[in-house]
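So you can see what is in the structure, the chains are spelled out below.
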Amino acid sequence: MIVANAIRGAVALAALALFTGLTQASTDALVSTDWLANNLDREDVRVIEVSVNPGQFERGHIPGAVNLRWHTDLVDTVSRDIIARDDFQALLRDAGISDDTEVILYGDTNNWFAAWGAWIFDIYGVDNVRLLDGGREKWEAEGRELGIRPASYAQGDVTVDAADYSIRAFLPEVVEVASSDEPAAQLVDIRSAAEYEGRIIAPDGVNELSVRAGHIPGAVNVGWGNAVNEDGTFKSADELGALYAEAGVDGSEPVITYCRIGERSSHTWFALSKILGYDVKNYDGSWTEYGNSVGVPVTNLAGTVWGGQ
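Residues numbered from 1 in each chain as written. Predicted model: local features only at pLDDT ≥ 70, side-chain atom pairs only at ≥ 80, totals over all residues. Heavy atoms only, no water.

**Student:** What's the story with helix 10 (residues 263–275) in this structure? I'm lost.
**Tutor:** Note: α-helices contain 3.6 residues per turn, so residues at a spacing of three or four share the same orientation. Here helix 10 is 13 residues long and its end C-alpha atoms lie 18 Å apart, about the 18 Å a rise of 1.5 Å per residue gives. Of all the 13 residues making up helix 10, eleven are buried; the element is thus mostly covered by neighbouring parts of the structure. Within helix 10 the residues assigned to the buried category are Glu-263, Arg-264, Ser-265, Ser-266, His-267, Thr-268, Trp-269, Phe-270, Ala-271, Leu-272 and Ser-273. Two residues or fewer after helix 10 comes Gly-277, characterised by a positive phi angle close to 80°. (Helix = DSSP H or I, 4+ residues; strand = E, 2+ residues; numbered from the N terminus. Expected span 1.5 Å × (residues − 1). Buried < 20%, exposed > 50% of the residue type's maximum accessible area, 1.4 Å probe, protein only.)

Now the structure itself:
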């Protein structure tokens with residue numbers, strides 16, 4: 001009798017833990033592939049793909065997902081800027097999103113632009129937005145279902161706020177931080193060591209280049225990839241805290257993240273702000289703006305001066 005009761009108790013605790021884990025996943029900044037697979041049929045859940053590479057969505061996507069193209073849908077196509085408020089609201093309504101909709105974002109290349117999308121959602125005050133932990137690669141690696149038919153939804157009624165730029169850094173602020181003896185924020189360069197040191201301007205095959213190579217003075221280098229496990233999921237909060245603390249970033253001061261065009265730095269912005277709860281801005285102008293600007297200070301550890309030479 002005692003053994004039987006103990007077994008029943010253990011089973012009950014395990015079931016409670018499973019339920020709690022699923023419930024917790026739905027309220028945190030991340031959802032697991034298991035959670036999403038079990039919640040795809042919910043009418044109040046909308047899945048949005050924001051991938052880097054063209055054609056990914058068309059060759060197969062999470063069933064019911066809506067495709068948002070980062071380079072046309074989420075930007076101002078005339079000026080270098082993010083999408084305007086009214087256009088963003090219309091875009092979300094066309095995707096069937098209302099104020100009570102739970103939005104799950106995912107994409108390829110470890111959710112770079114999905115995290116960038118989450119940053120834009122945050123700028124416009126759209127809550128209840130989460131990332132699929134591990135993104136598209138993990139979903140596919142697990143052999144989960146993909147659809148090819150575009151989804152169509154009734155018009156949503158979401159209302160988005162005016163842009164809140166408290167999580168967005170602009171060039172003058174970044175230059176002030178780089179030039180100050182007592183900077184108001186910590187700069188985190190999330191590019192590769194070769195980019196940070198100035199040995200290369202950008203990864204191979206990348207068209208967005210700068211005249212100068214190197215990094216913003218005072219920035220520490222913590223490559224974005226250090227924040228994820230082998231399967232692309234984020235490391236635990238404890239692991240992330242230790243990772244950034246080793247570089248001197250512990251949340252005691254505001255942080256500004258940057259990369260080349262703002263997408264990889266959005267991934268680190270997400271880790272620092274959404275998982276660790278730090279005060280973080282993303283500098284989406286990043287190195288393509290800073291490295292092409294006249295009169296700004298540059299640190300170059302490789303000794304290259306002009307055009308990476």
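**Student:** Any chance you could explain helix 5 (residues 112–123) here in plain terms?
**Tutor:** The terminal C-alpha atoms of helix 5 lie 17 Å apart, and with twelve residues this matches the ideal 16 Å at 1.5 Å per residue to within 8%. For helix 5, the complete set of buried residues consists of Trp-112, Phe-113, Ala-114, Ala-115, Trp-116, Gly-117, Ala-118, Trp-119, Ile-120, Phe-121 and Ile-123. Trailing helix 5 by a residue or two, Gly-125 shows a phi angle of about 70°, which is positive.

**Student:** Can you walk me through the pairing of strand 2 (residues 45–49) in this structure?
**Tutor:** On a regular strand, each side chain points to the face opposite its neighbour's, so the side chains alternate between the two faces of the sheet. Of all five residues making up strand 2, five are buried, and the element is well covered by its neighbours. Of the two faces of strand 2, the one lined by Val-45, Val-47 and Glu-49 and the one lined by Arg-46 and Ile-48 are each fully buried. In terms of strand pairing, strand 2 meets strand 6 (residues 102–106) through five bridges, oriented parallel. Across the sheet, Arg-46 pairs through a bridge with Val-103, a residue of strand 6. Note that strand 2 and strand 3 (residues 66–67) share two bridges and pair parallel. Across the sheet, Ile-48 pairs through a bridge with Val-66, a residue of strand 3. (Pairing = 2+ DSSP bridges.)

**Student:** It is not clear to me how the nonpolar core should be interpreted in this structure. Could you clarify?
**Tutor:** Ile-48, Phe-88, Leu-105, Trp-116, Ile-120, Tyr-244 and Phe-270 are the most contacted members of the largest nonpolar core, which totals 56 residues. The contact partners of Leu-105, leaving out residues within four places of it in the chain, are Ile-48, Val-50, Ala-114, Gly-117, Ala-118, Phe-121, Val-129, Arg-130, Leu-131 and Leu-132. Of all hydrophobic cores here, the second largest spans 16 residues; its members include Ala-169, Ala-185, Ile-216 and Val-296. (Core = buried A, V, L, I, M, F, W, Y, C linked by side-chain atoms within 4.5 Å. Contact = heavy atoms within 4.5 Å.)

**Student:** So what exactly am I meant to see when it comes to the side chain of Thr-233 here?
**Tutor:** Mapped onto the fold, Thr-233 is located in the loop between strand 9 (220–221) and helix 9 (237–246). Owing to a relative accessible area of 10%, Thr-233 belongs among the buried residues under this scheme. In this structure the side chain of Thr-233 is engaged in a polar contact, spanning 2.6 Å, whose partner is the side chain of Asp-231. Apart from the residues within four sequence positions on either side, Thr-233 is in contact with Asp-133, Gly-134, Lys-138, Ala-227 and Val-228. (Polar contact = N/O pair within 3.5 Å; in protein donor to acceptor, adjacent residues only side chain to side chain.)

**Student:** How do you make sense of the sheet that holds strand 2 when you look at a structure like this?
**Tutor:** Across the sheet, five strands lie side by side as 1-7-6-2-3; this open sheet has parallel pairing. Both outer strands of the open sheet, strand 1 (30–31) and strand 3, are each paired with one neighbouring strand and no more. Examined bridge by bridge, strand 1 and strand 7 (residues 129–132) share two bridges and lie parallel to one another. Residue pairing in the sheet places Leu-30 in a bridge with Leu-131 of strand 7.

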